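The residues making up each chain are set out below.
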Amino acid sequence: MKKLLSGNEAIALGAYQAGLKVAAAYPGTPSTEILENLAAYKDLHAEWSTNEKVAMEVGMGASYAGVRALVSMKHVGLNVAADAFMAASMTGVVGGLVVVSADDPGMHSSQNEQDNRYFAKFAKVPLLEPSDSQEAYDFMALAFEMSEHFDTPVLLRMTTRLSHSKTVVQIHREDRQITGPGGFNRNPGKFIMLPVNARQRHPLVETRLAKLAVFAESLSINRIAEGTKQLGIITSGVSFQYAMETAPGASILKLGLTYPLPEKMVREFAAGVEKLVVVEELEPFLEEQILAMGINVKGKSLIPRVGELNQDIVRDAFESAGWIETIEKPVQDGLIDEVKTLPKRPPLLCPGCPHTGIFSVLHSLGLRRKTTIGAEAGLVITGDIGCYTLAAYPPLEAMDTCACMGAGIGQALGMEKAGINDRVVAIIGDSTFLHSGITGLINAVYNGSAMTLLILDNRTTAMTGHQQNPGTGFTAQGAPAPSVNFANLAKSCGASDVQEVDAFDIKALRSVLKSALDSRSLNVIVVRGSCVAITPGGGEALTIDTERCTQCGTCLSLGCTAIRKGAEGELTIDNQLCRGGACRLCQQLCSHQAIEQIIKKVV
Amino acid sequence: MVKMNVLIAGVGGQGVVLASDILADVALEAGLDVKKTDTLGMAQRGGSVVTQVRIGEQVASPLIGDNDVDLLLAFEKLESGRWADRLKKGATVVLNDYSVPPLSVSQGAEAYPGDSEISHLLKHRGADLITIHGSLHAAEMGNPKILNILMLGALSMLTPFNPELWIEAISKRLPPKIIEINLKAFQRGRKDLLSILAEMSAESGLEIDGHGDDCGCH
């Protein structure tokens, strides 16, 4: 049967059919849909873990107990999981353990574009790189078999373009591989990495790598497509598609297993072509290894190491090297520049977003300054990753830092200890607080911070597409679960001053925030309001009474896309976008009582 | 030999991704290779959404190359302009006459481009521009959300695929409750495109056969 599947859907299907028993992940673009698809199967355990490190540990435990396990995450998630991942390489596995890292070349929705292929080399584990959904599907069974045969976790590297592209998949089977129930055999030398045992394991890891290198030579997913002798291309992942598009007549060594490399195969291929080039996205991962073999190969001197590739970039590189014929380019007619002047449509907080109110209050306190060096004390806001990061954009501009998950709390403390005289507010979302904020808060309490911590509890993991988390009351597979009470959690971390406030009550937000900033001691405010995307209805939309409206523009300061300023300065509300009674933020800001709820919302 | 690069652009919430899924299903059912890739940005609602669908005997890259778009199906005017420089010479653009102002415009900081500006950008390299009143007609039919299927109806007139394949693909992708109205929207889109083509040919004095063989995608 042929089916159109995204790379992520293909991974889920391939893993399921390969007899997967336990899957664990933390949501992160572009990896999220892998676990979402797995969660739909009832004959396996699929969970949203609190973070990637926990997910990795769940995968390790399942593997130790003899069943097949899959752990998936975005590239930066593997940084969080690295401690466990490195340890898993040392202990090895029992049931197959596959780790999927979805990298994000081009940074479509990430803070960096690190190339996680280096993690395979670093951890001394095999690395698979599919180049379309078919391979993502096919590689899953292979990955589990390799994992079990070589006693190692396997790293499978996806990229945004593969994860989020749909391509045709020939599905070989309908059934699911039958695997036995789990069982744990005690084996201290393997599972207890005390130095005495670890010293025994390290040589085994090295032997494993050597065996894998031999295995790579005969593995069918490392293959040569013979073409012209003039140009030889070594490539992997989605870059293979761009190479095929650009130079279909060239000889191509297409690698599915990219660590360890099949050295003999590479040498033979190199010897058979006149010019040799590596086409790979981001870092010169293959190129460096091939150069280290003493083979003369080109790569990053021609193909950029920054950003996502495509066939045009590869074509330009090959043309500039004179390897392929130059095609006619459209005349430089200035059209690109004209297109660039069109108004942008940057990502924004949705109308009715529970984050808008608190950021509007933070913005309007009159304390936000460009610099506080040698100036009056202001208000610094440290943050991290979630929809709330979008408050960094105008008109709210109420976010000063965003580095990685949970970073804002530690950063706020560091700023305090640096001696700035500003008030420091750290902001974190509900899911992110559970991911990596709790330790930061305990640290802040312990080290005598006077920060204000805002936990924005919107009852979901919003930015990645509304996944469940331990605060929502449901598991990834839809079962009811205990729900974390964020105020109680903050108290048990040692914060004595903890308050809850309604995200849509501007007056309460302002008063709670003001007293928190005046208190000069650590306090936590839990701002509660459901994400608009998971909240049905909203009732009748609001409208602006043009008689009463003075066009002062205060309502525009919310940055709500439902409120519009016309050519004559007149303000209107789009009744399709407005969330009406569920929000009312603009109505509370209007000092002229010009905003009313009268229009029946059209569905 | 069919070789067709279709770019569908719009704003989050307009159903761009579903439309591209259906187009891809149709191509697959017609026995062709197909690859599609979505770019959603980070916004949950209201951001730019674009999806690229490549159809042919064999497709390598999921991305459409520079200046290689045969058909641009745009659900929103500003979003259509954003892709003008990616059009192949002589491409066809099917544009929904509808605008969603971005925040910079609704805040009064920037102006929404005028129709003549959008049309200038799209026709810059000789594209045929077909403007249809998709949102208006969808609203008239009682449900603005059927816009994406109405637009697919218009697109279907410019593709070599049998209408039965489209109807089957739409019916498979949608919940039973809304299939009927969407199939009506599909037919409305086909009719709309045909009547616009007839108007255009009357103006230019050209004969048309109602199947849009001048779309450059065959």
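Every chain is numbered independently, its residues counted from 1 as its sequence is written. Labels are handed out in written order, letters beginning with A for the chains and numbers beginning with 1 for the ligands. Residues qualify for local features only when their pLDDT is at least 70, as the model is predicted, and side-chain atom pairs are given and counted only at 80 or more; totals for whole chains, interfaces and linings, by contrast, use all residues. The side-chain numbers reported here are obtained from all heavy atoms of the structure, hydrogens and water having been left aside.

Novice: Can you help me understand the overall build of chain A in this one?
Specialist: Only DSSP runs of H or I with at least four residues qualify as helices, and only runs of E with at least two residues qualify as strands; both kinds are numbered from the N terminus onward. Helix and strand counts for chain A stand at 21 helices and 22 strands. Put simply, the radius of gyration uses C-alpha atoms, and a globule should come to 2.2 Å times the residue count raised to 0.38. Here chain A has a C-alpha radius of gyration of 27 Å; the compact-globule value for 603 residues is 25 Å, and the two agree. Here the C-alpha coordinates of chain A stretch approximately 80 × 70 × 55 Å along the principal axes. Partly exposed residues are those whose accessible area sits between 20% and 50% of the maximum for their type, while under 20% is buried and over 50% is exposed, using a 1.4 Å probe and protein chains only. Across the 603 residues of chain A, 57% fall into the buried class. Contacts are assigned to residue pairs that have any heavy atoms within 4.5 Å of one another. For chain A, the proportion of contacts with a sequence separation of at least 24, taken over those separated by at least 6, is 75%. When charges are tallied, Lys and Arg are placed among the positive residues and Asp and Glu among the negative ones, while His and the ends of the chain are skipped. By convention, the point assigned to a charge is CZ for Arg, NZ for Lys, CD for Glu and CG for Asp. Chain A carries 54 positive and 62 negative side-chain charges, and their two centres are separated by 4 Å.

Novice: Looking at this structure, I do not really get empty space enclosed by the protein. What am I missing?
Specialist: The method is simple in principle: a probe with the dimensions of a water molecule rolls over the atoms, and the space it marks as empty is what remains. Residue and element names in this part refer to chain A. Only protein atoms enter the 1 Å grid used here, on which a cavity is any set of points holding a 1.4 Å probe that cannot leave and a pocket is any open set flanked by protein within 12 Å on both sides along at least five of seven lines; residues with an atom within 4 Å of a point are listed as lining. Grid points are joined across faces, edges and corners, and a volume is the space filled by probe spheres set on the points. By the definition in use, this model includes four cavities of 30 Å³ or more. Its boundaries defined by the atoms lining it, the largest cavity holds a volume of some 240 Å³. The wall of the largest cavity is formed by 29 residues, among which Cys 350, Thr 356, Leu 558, Gly 559 and Cys 560 lie closest to the centre. Residue classes follow a fixed rule: Ala, Val, Leu, Ile, Met, Phe, Trp, Tyr, Cys and Pro count as nonpolar, while Asp, Glu, Lys and Arg count as charged, and any other residue, Gly among them, counts as polar. Class assignment of the residues belonging to the lining of the largest cavity gives a composition of 23 nonpolar, four polar and two charged.

Novice: When you look at the packing of aromatic side chains in this model, what are you seeing that I'm missing?
Specialist: Residue and element names in this part refer to chain A. Under the pairing criterion, centres of Phe, Tyr and Trp rings, with the six-membered ring standing for Trp, must be within 6.5 Å; the plane angle then separates stacked pairs below 30 degrees from edge-to-face pairs above 60, leaving the rest tilted. Tallied over the entire structure, the rule returns eleven aromatic pairs over all chains. Measuring from centroid to centroid gives 6.3 Å for Tyr 259 and Phe 285, while their planes differ by 55°, and the two rings are tilted. Taken together, the positions of Tyr 259 in strand β12 (residues 257-259) and Phe 285 in helix α12 (residues 285-292) put the pair 26 residues apart, joining distant regions of the chain. By relative accessible area, which is 10% here, Tyr 259 ends up buried. Summarising the aromatic geometry, the rings of Phe 433 and Phe 486 are spaced 6.4 Å apart at their centres and angled 55° between planes, so their arrangement reads as tilted. In this pair, Phe 433 is assigned in helix α17 (residues 430-436) and Phe 486 in helix α19 (residues 486-492), connecting sequence segments 53 residues apart. With a relative accessible area of 0%, Phe 433 lands in the buried category.

Novice: Any chance you could explain helix α16 (residues 407-418) of chain A here in plain terms?
Specialist: It helps to recall that an α-helix has 3.6 residues per turn; residues three or four apart then point in one direction. Residue and element names in this part refer to chain A. Along its twelve residues, α16 runs 16 Å from first to last C-alpha, staying within 8% of the 16 Å computed at 1.5 Å per residue. Among the residues of α16, Ala 407, Gly 408, Ile 409, Ala 412, Leu 413 and Glu 416 are the ones counted as buried. In this structure, the buried residues of α16 make contact with β14 (379-382), β15 (423-429), α17, α18 (438-446) and β16 (452-457). Residue Gly 419 follows α16 closely and has a positive phi angle near 95°. In a helix, the anticipated span is given by 1.5 Å times the number of residues less one.

Novice: Looking at this model, I keep getting lost on the side chain of His 435 of chain A. Mind explaining?
Specialist: Residue and element names in this part refer to chain A. Tracing the sequence through the fold places His 435 in helix α17. Here His 435 falls in the buried class, since its relative accessible area comes to 4%. In contact with His 435, not counting residues within four places along its chain, are Tyr 26, Thr 50, Asn 51, Glu 52, Val 80 and Met 405.

Novice: What's the story with the sheet that holds strand β13 (residues 275-279) of chain A in this structure? I'm lost.
Specialist: Strand pairing in a sheet relies on backbone hydrogen bonds, with the paired strands running either antiparallel or parallel. Residue and element names in this part refer to chain A. Pairing is mixed across the open sheet formed by four strands, whose spatial order is β9-β11-β10-β13. Only two strands of the sheet have a single neighbouring strand rather than two, namely β9 (223-225) and β13. Put simply, the sheet's adjacent strands are angled 20° from each other on average, direction ignored. By this definition, two strands are paired if DSSP reports at least two bridges between them. Taken together, the three bridges between β9 and strand β11 (residues 250-255) define a ladder with antiparallel strand orientation. For Ile 224, the partnering residue across the bridge sits in β11 and is Leu 253. Here an angle of 0 to 180 degrees is reported between the N-to-C directions of two axes, which are lines fitted to C-alpha atoms, with helices fitted over the stretch in contact. Helix-sheet contacts for helix α11 (residues 263-271) involve β9, β10 (228-236), β11 and β13, and the interaxial angle to β11 is about 170°.

Novice: I keep staring at the confidence of the model for chain B and nothing clicks. Help me out?
Specialist: All names here are of chain B. Summary statistics for chain B give a mean pLDDT of 91 and a share of 91% for residues scoring 70 or more. Confidence over residues 209-218 falls short of pLDDT 50; this stretch has 24 contacts with residues more than four positions distant or in other chains. In the predicted assembly, ipTM is 0.93 and pTM is 0.95. Per-residue confidence from the predictor is reported as pLDDT, which spans 0 to 100.

Novice: So what exactly am I meant to see when it comes to the nonpolar core here?
Specialist: The nonpolar side chains of a soluble globular protein tend to be buried, and buried together. Residue and element names in this part refer to chain A. Residues belong to a common nonpolar core when they are buried Ala, Val, Leu, Ile, Met, Phe, Trp, Tyr or Cys residues joined through side-chain atoms within 4.5 Å. Counting 108 residues, the largest nonpolar core has Met 56, Leu 70, Leu 128, Ile 233 and Phe 318 as the members making the most contacts within it. In terms of residue count, helix α6 (residues 133-150) provides more of this core than any other element does, nine residues in total. Residue contributions to this core reach at least three from each of two domains, namely domain 1 (2-218) and domain 2 (223-320). Leaving out residues up to four positions away in the same chain, Met 56 has contacts with Val 71, Met 73, Leu 78, Ala 81, Ala 84, Phe 85 and Val 99. Counting residues in each nonpolar core, the second largest holds 73 residues, with Leu 349, Leu 489, Ala 594 and Ile 595 among its members. Domain limits in this description derive from either an automatic procedure or a database domain assignment.

Novice: Quick question: what am I supposed to make of the pairing of strand β4 (residues 69-74) of chain B here?
Specialist: Looking along a regular strand, one sees the side chains alternate between the two faces of the sheet. Residues and elements named next belong to chain B. Most of β4 is tucked away, with six of its six residues classed as buried. Across four bridges, the pairing between strand β1 (residues 3-11) and β4 is parallel. In the sheet register, Val 6 faces β4, and the bridge partner there is Leu 71. In the sheet, β4 pairs with strand β5 (residues 87-96) via five bridges, with the strands oriented parallel. For Leu 72, the partnering residue across the bridge sits in β5 and is Val 93.

Novice: Would you explain the interface of chain B and chain A in this entry?
Specialist: Many structure descriptions define interface size as the accessible area lost when the parts assemble. Contacts between chain B and chain A engage 54 residues on the former and 55 residues on the latter. For the chain B and chain A pair, buried surface summed over both sides reaches about 4,500 Å², with 57% attributable to carbon and sulfur atoms. The term salt bridge refers to a side-chain nitrogen of Lys or Arg lying within 4 Å of a carboxyl oxygen of Asp or Glu. Among the salt bridges present, the one from Glu 79 of chain B reaches Arg 345 of chain A, with a minimum N-O distance of 2.5 Å. Definition of a polar contact: a pair of N or O atoms within 3.5 Å, with one able to donate and the other able to accept a hydrogen when the atoms are protein atoms, and with sequence-neighbouring residues admitted only if both atoms are side-chain atoms. Taken together, the links from chain B to chain A amount to 19 residue pairs in polar contact (both at pLDDT 80 or more). Elements that contribute at least two residues to the side of chain B that touches chain A include exactly α1 (16-29), β2 (33-39), β3 (48-56), α2 (77-81), α3 (103-106) and α4 (115-123) of chain B. Buried area: the accessible surface (1.4 Å probe) lost by two parts on joining, summed over both.

Novice: What is the right way to read the environment of Leu 335 of chain A from this model?
Specialist: Here Leu 335 of chain A lies in helix α14 (residues 335-340). According to the relative accessible area criterion, Leu 335 of chain A is buried, its value standing at 0%. Each C-alpha atom of the pair Leu 335 of chain A and Thr 461 of chain A lies 40 Å from the other, and the pair is 126 residues apart in sequence. Contact partners of Leu 335 of chain A, with chain neighbours within four places excluded, come to Ala 84, Asp 85, Leu 121, His 124 and Arg 125 of chain B.

Novice: What's the story with the pattern of salt bridges in this structure? I'm lost.
Specialist: Between side chains of opposite charge, a pair can form as their charged atoms come close. Residues and elements named next belong to chain A. Applying the stated criterion across every chain, the model contains 45 salt bridges over all chains. Between Asp 175 and Arg 173 there is a salt bridge; the shortest N-O distance is 3.2 Å. Given a relative accessible area of 27%, Arg 173 falls into the partly exposed group. Put simply, Glu 596 and Arg 548 hold a salt bridge, and the shortest N to O gap is 3.3 Å. A residue pair is termed long-range when its members are at least 10 positions apart, and Glu 596 in strand β22 (residues 595-599) and Arg 548 in the loop between β19 (541-544) and β20 (563-565) qualify at 48 residues. Among the residues examined, Arg 548 registers a relative accessible area of 42% and is labelled partly exposed. Through salt bridges that share partners, Asp 103, Asp 115, Arg 117, Glu 129, Arg 157 and Glu 280 make up one connected network.

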